[in-house]
Amino acid sequence: HLRRVLPACLQSELRLADCAYVQEKYVEAVSQYRDFARFHPTDAEAQYAAFRIGLSYYRMIPGSFFLLPPSHELDLAPVHDALRELRNYRRDHSRGPNQRWTGTLIRDCLALLARHEMYVAQFYLDRDEPEAAISRLSVVFRDYGGSGLEPEAMYQLGEVFLSMRRDLDARTTFEDLTARYPNSPHTARARRYLQML
């Protein structure tokens, strides 16, 4: 009798978390999914709970993020949380049924974070602070590889070097761009700069 009751109890825990998720109570859903995964790590549904934690954080990302308001108005915490949890899911459940979707969500998070760094870099360029801009653009390559924005950031970095008369750095950046991303639309423009340099 106990064997029949226990699975039903476990399912009810998950369904409560699902209800919180559907009602857009994502903080509550994360807590409930996390409790399930922590207390029932060997249950078949533990990987489902782990994925839903990442997905809940992803749903907390403000919809207006794409409009890129000023950097001090952005709440990047849900993006970082989603990226961490989705990467954990991909690592711990490599044969899980949501791997493809997880990859898409991770790329979205990386793109949001990379785009934010590029936005801040432009903020510094507009205030004639190219060194700070270089630092922010470098974060795109160092921390957010796989975002899909690397060619654009590299091209922008090359232009910053040119504006500072650091021709050797500009040449190296543009050559790296053409070698690593030959099919990017930014590559053709980089090649024109290389001919001039």
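Residues numbered from 1 in each chain as written. Predicted model: local features only at pLDDT ≥ 70, side-chain atom pairs only at ≥ 80, totals over all residues. Heavy atoms only, no water.

## What to know about the overall build of the protein chain
Here is step 1 of the chain: Counting its secondary structure elements, the protein chain contains nine helices and zero strands.
Here is step 2 of the chain: The N-to-C order of helical and strand elements in the protein chain reads α-α-α-α-α-α-α-α-α.
Here is step 3 of the chain: Summed over its atoms, the accessible surface of the protein chain is roughly 11300 Å², and 52% of this surface lies on carbon and sulfur atoms. (Helix = DSSP H or I, 4+ residues; strand = E, 2+ residues; numbered from the N terminus. Areas by Shrake-Rupley, 256 points an atom, 1.4 Å probe, with all protein chains shown as cover.)

## Overview of the packing of aromatic side chains
Here is step 1 of the chain: Tallying each qualifying case throughout the model produces eight aromatic pairs.
Here is step 2 of the chain: Ring centres of F51 and W101 lie 5.1 Å apart, and the angle between their planes is 55°; on these two criteria the pair is classed as tilted. With a gap of 50 residues between them, F51 in helix α3 (residues 46–59) and W101 in helix α5 (residues 99–126) connect regions that are remote in the sequence.
Here is step 3 of the chain: Under the relative-accessibility criterion, W101 is labelled partly exposed at 38%.
Here is step 4 of the chain: Measuring from centroid to centroid gives 5.7 Å for F123 and Y124, while their planes differ by 75°, and the two rings are edge-to-face.
Here is step 5 of the chain: Taken together, the ring pairs connect F51, Y89 and W101 into an aromatic cluster.
Here is step 6 of the chain: Above the face of the F39 ring, R38 is positioned so that its terminal group lies 5.7 Å from the ring centre.
Here is step 7 of the chain: The ring of Y21 has R52 lying over it, and the distance from NZ or CZ to the ring centre is 4.1 Å. (Phe/Tyr/Trp six-rings, centres within 6.5 Å; stacked < 30°, edge-to-face > 60°. Buried < 20%, exposed > 50% of the residue type's maximum accessible area, 1.4 Å probe, protein only. Lys NZ or Arg CZ within 6 Å of the ring centre and 35° of its normal.)

## Digging into the pattern of salt bridges
When charged atoms on two side chains of opposite charge get close, those side chains can pair.
Here is step 1 of the chain: Scanning all chains against the criterion turns up 14 salt bridges.
Here is step 2 of the chain: D143 is the salt-bridge partner of R142, the closest N and O atoms lying 3.3 Å from each other.
Here is step 3 of the chain: Relative accessible area serves as the criterion here: at 58%, R142 is assigned to the exposed category.
Here is step 4 of the chain: For D143, a relative accessible area of 34% corresponds to the partly exposed category.
Here is step 5 of the chain: Between D176 and R180 there is a salt bridge, with the nearest N and O atoms lying 3.3 Å from each other. Placement of the pair is D176 and R180 together in helix α8 (residues 167–180), with a separation of four residues, close to one helical turn.
Here is step 6 of the chain: Judged by relative accessible area, D176 falls into the partly exposed class, the value being 30%.
Here is step 7 of the chain: Exposure remark for R180: the relative accessible area of 46% places this residue in the partly exposed category. (Salt bridge = Lys/Arg side-chain N within 4 Å of Asp/Glu carboxyl O.)

## Considerations on the nonpolar core
Here is step 1 of the chain: One finds Y33, L86, C109 and L137 to be the most contacted residues of the largest nonpolar core, which totals 50 residues.
Here is step 2 of the chain: Here this core gets nine residues from one element, more than from any other, and that element is α5. (Core = buried A, V, L, I, M, F, W, Y, C linked by side-chain atoms within 4.5 Å.)

## Considering the environment of Y33
Here is step 1 of the chain: Relative to the assigned elements, Y33 resides in helix α2 (residues 26–39).
Here is step 2 of the chain: Classification of Y33 as buried rests on a relative accessible area of 0%.
Here is step 3 of the chain: The spacing of Y33 and F51 is 18 residues in sequence and 9.0 Å in space, taken between C-alpha atoms.
Here is step 4 of the chain: Beyond its immediate sequence surroundings of up to four residues, Y33 is in contact with L14, A17, D18, Y21, Y48, A49, R52, I53 and S56. (Contact = heavy atoms within 4.5 Å.)

## Thoughts on unusual backbone geometry
Across residues other than glycine, the phi torsion is negative in most instances, and most of the peptide bonds are trans.
Here is step 1 of the chain: The phi dihedral of E24 falls on the positive side, at around 65°, and the residue is not glycine.
Here is step 2 of the chain: With respect to the secondary-structure elements, E24 resides in the loop between α1 (2–22) and α2.
Here is step 3 of the chain: Among the residues examined, E24 registers a relative accessible area of 59% and is labelled exposed.
Here is step 4 of the chain: In this structure, D128 takes a positive phi of about 55° despite not being glycine.
Here is step 5 of the chain: Summarising the element assignment, D128 is placed in the loop between α5 and α6 (130–143).

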